[in-house]
Amino acid sequence: MNLCQFPRRRYTVGITPVEKLERLSALVGSPTLYCKRDDLLGLAGGGNKTRKLEFLMADALAKGADTIITCGAIQSNHCRLTLAAANKEGLFCQLVLEQRVPNSYDSLASGNNFLFNLLGVEAVHVVDGGSNLKEKMDTVANALRAQGRKPYIIPGGGSNAIGALGYVACAQELLQQLFEMELNIDAIVCTSGSAGTHAGLLTGIVASNAHIPVIGICINRKKEEQSQAVYDLCNQLALKLNLKEGPAYDDIIVFEEYIGEGYSRVTEDMLEAVKLVARTEAILLDPVYTGKTMAGLLDLQRKGYFNQMQNILFLHTGGSPALFAYTGYFFDK
Ligand SMILES: *Cc1c(COP(=O)(O)O)cnc(C)c1O
């Protein structure tokens, strides 16, 4: 693979650390847990969308855009980081926010919503759950074009073949880093949401012939639907990267058991996992993605899924600003 052929902006100095989770591992027993700290990526508050935006913003700039339009849930980390990247590039940013839980939008809410305001979003367009977000973004873009502006639309989660290149690059970074650490990892556990992270990472691992399973913990969709979304994006990436062979459908591992009542809905296991990791490792997970993913990892460990393995790597994709929209659930009563 030659990722240099794709224009890229840089938003992180250096690479993100891989840390051994000493105290959590001691509690869990085996295998030993490691964490790739993508919560420490650049842009306001960091997180996985920063890697995707390096390629997406470069594409927007190449196309002469003056305004970025994207969409997400009302506490979207992706929207926060897209707005942050637009600020860095001196572009305007408008957000289409989907109220996936009815009546849940509060313009004065904390967490990422507060940061939309602080970072100076140009406009927020709130739509009901289940709305056609692409259509709404097209409408916003057309209105801007009519004023002579140049909008660029980034899909939800930044998960198209351009954005997912960020996680192909992450796979390269990680493999080199593990080599230098002399650390042999048996499996990677990540969140599988809009699928760019899972698909990019898996494509990068497969294209390197590294044979490390990538286990996706799903936070919004059923296993079959999610696997198909990951597979479709892997195929687009394989084409873009000119790979002889991309990931096979059988390479895609998805668990749907940790979603609870739905996207962004609190589960007991998530609350436990977020507290445990904060209190053992002083690492802040988030309620919507990484908290549920860690809950999944710990449950799979208890069930013996990793029994033959020595070292597991948890990909921390960020999201801790959203904790501040959920404080009521975390105070010990
Ligand atoms: C968006 C997001 C994810 C999911 O990544 P996808 O590429 O959308 O699958 C995981 N964790 C956090 C904190 C996120 O914001």
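Right above here is the structure, for reference.
Predicted model, so just to flag it, every value in this text is computed and none were measured.

## Examining the overall build of the protein
Then, number 1: Along the protein, the regular secondary structure elements total 11 helices and 10 strands.
Then, number 2: For the protein, the C-alpha radius of gyration of 19 Å lies close to 20 Å, the compact-globule estimate for 333 residues.
Then, number 3: Viewed in the frame of its principal axes, the protein has a C-alpha envelope of about 60 × 55 × 35 Å.
Then, number 4: In the protein, which comprises 333 residues, the proportion classed as buried is 57%.
Then, number 5: Sequence-distant contacts, at least 24 apart, represent 79% of the contacts inside the protein between residues at least 6 apart.
Then, number 6: Working note: accessible area of the protein is about 14700 Å², and carbon and sulfur atoms make up 49% of it.
Then, number 7: Side-chain charges of the protein comprise 31 positive and 34 negative groups, with the mean position of each set lying 4 Å from the other.

## As for the site of the ligand
Then, number 1: Near the ligand there are 17 residues, and of these Lys 49, Lys 52, Ser 194, Thr 197 and Thr 317 occur at the shortest range.
Then, number 2: For the ligand, an oxygen atom lies 2.7 Å from a polar atom in the backbone of Gly 193.
Then, number 3: Contact distances for the ligand include 2.5 Å between an oxygen atom and a side-chain N or O atom of Ser 194.
Then, number 4: Here the ligand loses 98% of its free accessible area of 380 Å² to cover by the protein chains.
Then, number 5: Residue assignment for the shell around the ligand shows that the elements contributing at least two residues are α2 (49–62), β7 (187–192) and α7 (196–207).
Then, number 6: For the shell around the ligand, the per-class residue count stands at two nonpolar, 12 polar and three charged.

## Some points on the state of the cysteines
Then, number 1: What the rule picks out here adds up to zero disulfides.
Then, number 2: Cys 170 provides the cysteine sulfur closest to Cys 4, a residue in no disulfide bond, and the two sulfurs are 16 Å apart.

## Details of the sheet that holds strand β3 (residues 67–73)
Then, number 1: Strand order in the open sheet formed by four strands is β5-β4-β3-β6, with parallel pairing between adjacent strands. Of all the strands in the sheet, the pair left with one neighbour each is β5 (123–128) and β6 (151–154). Going across the sheet, the axis of each strand differs from the next one's by a mean of 20°, ignoring polarity.
Then, number 2: Relative to the sheet, helix α5 (residues 133–146) contacts β3, β4 (92–99), β5 and β6, its axis offset from that of β3 by approximately 155°.

## Thoughts on the packing of helix α9 (residues 268–281) against helix α10 (residues 290–302)
Then, number 1: Running from N to C, α9 and α10 cross one another at 90°; their axes reach a closest spacing of 8 Å. Classified by the interaxial angle, the pair formed by α9 and α10 is roughly perpendicular. Residues Asp 269, Met 270, Ala 273, Val 274, Leu 276 and Val 277 of α9 form the contact with α10, whose participating residues are Gly 291, Lys 292, Met 294, Ala 295 and Leu 298.
Then, number 2: Taken together, the residues that form the contact of α9 with α10 break down as eight nonpolar, one polar and two charged.

## Observations concerning the pattern of salt bridges
Then, number 1: Scanning all chains against the criterion turns up 14 salt bridges.
Then, number 2: A salt bridge links Glu 54 to Arg 8; the nearest nitrogen and oxygen atoms lie 2.9 Å apart. Residue Glu 54 is found in helix α2, and its partner Arg 8 is found in the segment before β1 (18–20); the two are separated by 46 residues along the sequence.
Then, number 3: A relative accessible area of 37% means that Arg 8 is categorised as partly exposed.
Then, number 4: A salt bridge links Glu 173 to Arg 51; the nearest nitrogen and oxygen atoms lie 3.0 Å apart. Remark: Arg 51 occurs in helix α2 and Glu 173 occurs in helix α6 (residues 161–181); sequence separation between them is 122 residues.
Then, number 5: Assessed through its relative accessible area of 16%, Glu 173 is described here as buried.

Rules used in this analysis
Residues numbered from 1 in each chain as written. Predicted model: local features only at pLDDT ≥ 70, side-chain atom pairs only at ≥ 80, totals over all residues. Heavy atoms only, no water. Helix = DSSP H or I, 4+ residues; strand = E, 2+ residues; numbered from the N terminus. Rg over C-alpha atoms; globule rule 2.2 N^0.38 Å. Buried < 20%, exposed > 50% of the residue type's maximum accessible area, 1.4 Å probe, protein only. Contact = heavy atoms within 4.5 Å. Areas by Shrake-Rupley, 256 points an atom, 1.4 Å probe, with all protein chains shown as cover. Lys, Arg positive; Asp, Glu negative; His and termini not counted. Charge placed at Lys NZ, Arg CZ, Asp CG, Glu CD. Near = heavy atom within 4 Å. Polar contact = N/O pair within 3.5 Å; in protein donor to acceptor, adjacent residues only side chain to side chain. Nonpolar A, V, L, I, M, F, W, Y, C, P; charged D, E, K, R; others polar. Disulfide = S-S within 2.5 Å. Pairing = 2+ DSSP bridges. Axes fitted to C-alpha atoms, helices over the stretch in contact; angles between N-to-C directions. Parallel < 35°, antiparallel > 145°, perpendicular 65-115°, else oblique. Salt bridge = Lys/Arg side-chain N within 4 Å of Asp/Glu carboxyl O.

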